[in-house]
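Residues per chain are reported as follows:
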Amino acid sequence: MSKVQEVADVVIAGRAKLAADAVQAALDEGCEATDILNAMIDAMGVVGEKFKNNEIFVPEMLVAAKAMKKGVDVLKPHLAAGEVGAMGKMIIGTVVGDLHDIGKNLVAMMIESAGFEVIDLGVDVPHERFVEAVRTNPDVKIVGLSALLTTTMPALRDAVALLNQQDFRKNIKIMVGGAPITQEFADEIGADAYTADAASAAQKAKELVG
Ligand code: B1M
């Protein structure tokens, strides 16, 4: 079995204690960091399918997420490249009611490696916190909002609506993403940009401030 496949299996099985070693072994064998990352993202897709089919439940999803995080910690230095802060500041968070943070963390990591200073507000972020964060960081250029549940799409809409009402709106760009989000939805709610994955989020962030 390939070392990359072993990483995927460790994540699917939620074996958090083995994840760091499995990723390190794949790197030592010369596997590309992005291939290892993509294998872990695909593994979370498998976990999601199993959950949907009632083969596993929330605790198993949770340990898979923990395993992925341990793996990403090892990968991070191999993925990050840019000079932190050179491109400006970005605020990012997962909207209120939503606890999913792996995708948001990957987006933050890739955007940081594209040269931005990232202020991460975490998960379950009330709309007003996004506004407050811009007020305390008036030099912020981009606000990124993540939503992973169809049930938190309305929260994303409301958070963007609140940001759109602010006097500082003309100074910031709003970027949205997450599995249920589409370009059409982003346009409908008045966001400036949507991207489907972390790598294109970093690319888009550079375009938005360029
Ligand atoms: Co939850 N969960 N979960 N979950 N979970 C999903 C999302 C689900 C699709 C699983 C399924 O049913 N197949 C489903 C949602 C269904 C729906 O909305 N239609 C679901 C559900 C139902 C739930 C609960 C309601 C379960 C329950 O309690 N009964 C519950 C909700 C809790 C809450 O948030 N209030 C819940 C809980 C959890 C855990 C806490 C156990 C755990 C999260 C742990 C954590 O994040 N720390 C969890 C997990 C792990 C998942 C799955 C399996 C994996 C999510 C993930 O990390 N994916 C997920 C199934 C799946 O995704 N297939 C599932 C990997 C990650 C890299 O991808 O987050 O999509 P993703 O991020 C991508 C892109 O979306 C994009 O770039 C990222 C990187 O490429 N992106 C952006 C994300 N944000 C962006 C922002 C941008 C741009 C791009 O700009 C700002």
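Going by the structure above, here's the rest.
Report on the accompanying structure. These numbers were taken from a predicted model, which means no experiment stands behind them.

### Structural notes on the overall build of the chain
Next, step 1: A count of helices and strands for the chain gives nine helices and five strands.
Next, step 2: Against the globule reference of 17 Å for 210 residues, the chain gives a C-alpha radius of gyration of 17 Å, in line with a compact fold.
Next, step 3: Structurally, the chain occupies a C-alpha span of about 55 × 40 × 25 Å along its principal axes.
Next, step 4: Each of the 210 residues in the chain was classed as buried or not, and the buried ones make up 46%.
Next, step 5: Counted over contacts in the chain with a minimum sequence separation of 6, partners at least 24 positions apart contribute 74%.
Next, step 6: Summed over all atoms, the accessible surface of the chain reaches about 10400 Å², with 53% contributed by carbon and sulfur.
Next, step 7: One way to put it: in the chain the 20 positive side-chain charges average out to a point 4 Å from where the 30 negative ones average out.

### Brief notes about the coordination of the cobalt atom of the ligand
Next, step 1: Here the protein supplies the cobalt atom of the ligand with just one donor, His100 (NE2), and that contact is 2.2 Å long.
Next, step 2: Mapped onto the fold, His100 is located in the loop between strand 1 (88–94) and helix 5 (102–113).

### Considerations on the side chain of His127
Next, step 1: Along the chain, the position of His127 falls in helix 6 (residues 127–136).
Next, step 2: Non-local contacts of His127, meaning those with residues more than four positions away in its chain, are made with Val96, Ala155, Asp158, Ala159 and Leu162.

### Some words on the sheet that holds strand 4 (residues 173–177)
Next, step 1: Read across the sheet, five strands follow the order 2-1-3-4-5 without closing on themselves; strand pairing throughout is parallel. Here the strands that pair on one side only, and so sit at the sheet edges, are strand 2 (116–120) and strand 5 (193–194).
Next, step 2: Pairing between strand 3 (residues 140–146) and strand 4: five bridges, direction parallel. When the bridges of strand 4 are listed, Ser146 appears paired with Gly177.

### Examining helix 6
Next, step 1: Within helix 6 the residues assigned to the buried category are His127, Phe130, Val131, Ala133 and Val134. Projection of helix 6 onto a plane perpendicular to its axis shows the buried side chains occupying an angular sector of 160°, all on one side.
Next, step 2: Against strand 1, strand 3 and helix 7 (153–164) lie the buried residues of helix 6.

### Describing unusual backbone geometry
Next, step 1: The phi dihedral of Asn54 is positive, around 60°, even though this residue is not glycine.
Next, step 2: Within the secondary structure, Asn54 sits in the loop between helix 3 (33–52) and helix 4 (58–79).
Next, step 3: A positive phi is found at Asp124, a non-glycine position, where the angle reads about 55°.
Next, step 4: You can see Asp124 is positioned in the loop between strand 2 and helix 6.
Next, step 5: The class for Asp124 is partly exposed, based on a relative accessible area of 36%.

Calculation rules
- Each chain has its residues counted from 1, following the order in which its sequence is written.
- Predicted model: local features are reported for residues with pLDDT of at least 70 only, side-chain atom pairs are reported and counted for 80 or more only, and whole-chain, interface and lining totals are derived from all residues.
- Here the side-chain values reflect all heavy atoms present in the structure, with hydrogen atoms and water set aside.
- Put simply, DSSP marks the helices as runs of H or I at least four residues long and the strands as runs of E at least two long, and each gets a number from the N terminus on.
- For the radius of gyration, the atoms used are the C-alpha atoms, and the globule rule reads 2.2 Å times the number of residues raised to 0.38.
- Here's how the labels work: a residue is buried when its accessible area is under 20% of the maximum for its type, exposed when over 50%, partly exposed in between, all with a 1.4 Å probe on protein chains only.
- Only heavy atoms matter for contacts: two residues are in contact if any of them lie within 4.5 Å across the pair.
- Only the protein chains shown count as cover for residues, and the accessible areas themselves come from Shrake-Rupley with a 1.4 Å probe.
- The charge count includes Lys and Arg as positive and Asp and Glu as negative, but it does not include His or the ends of the chains.
- Just so you know, the charge point we use is NZ for Lys, CZ for Arg, CG for Asp and CD for Glu.
- Excluding water, the donors of a metal are its N, O and S neighbours within 2.8 Å, or within 3.2 Å for Na, K and Ca, and that exclusion means sites may look incomplete.
- Note on pairing: DSSP must find at least two bridges between two strands before they are called paired.
- The reported arc concerns the directions from the helix axis to the C-beta atoms and nothing else.

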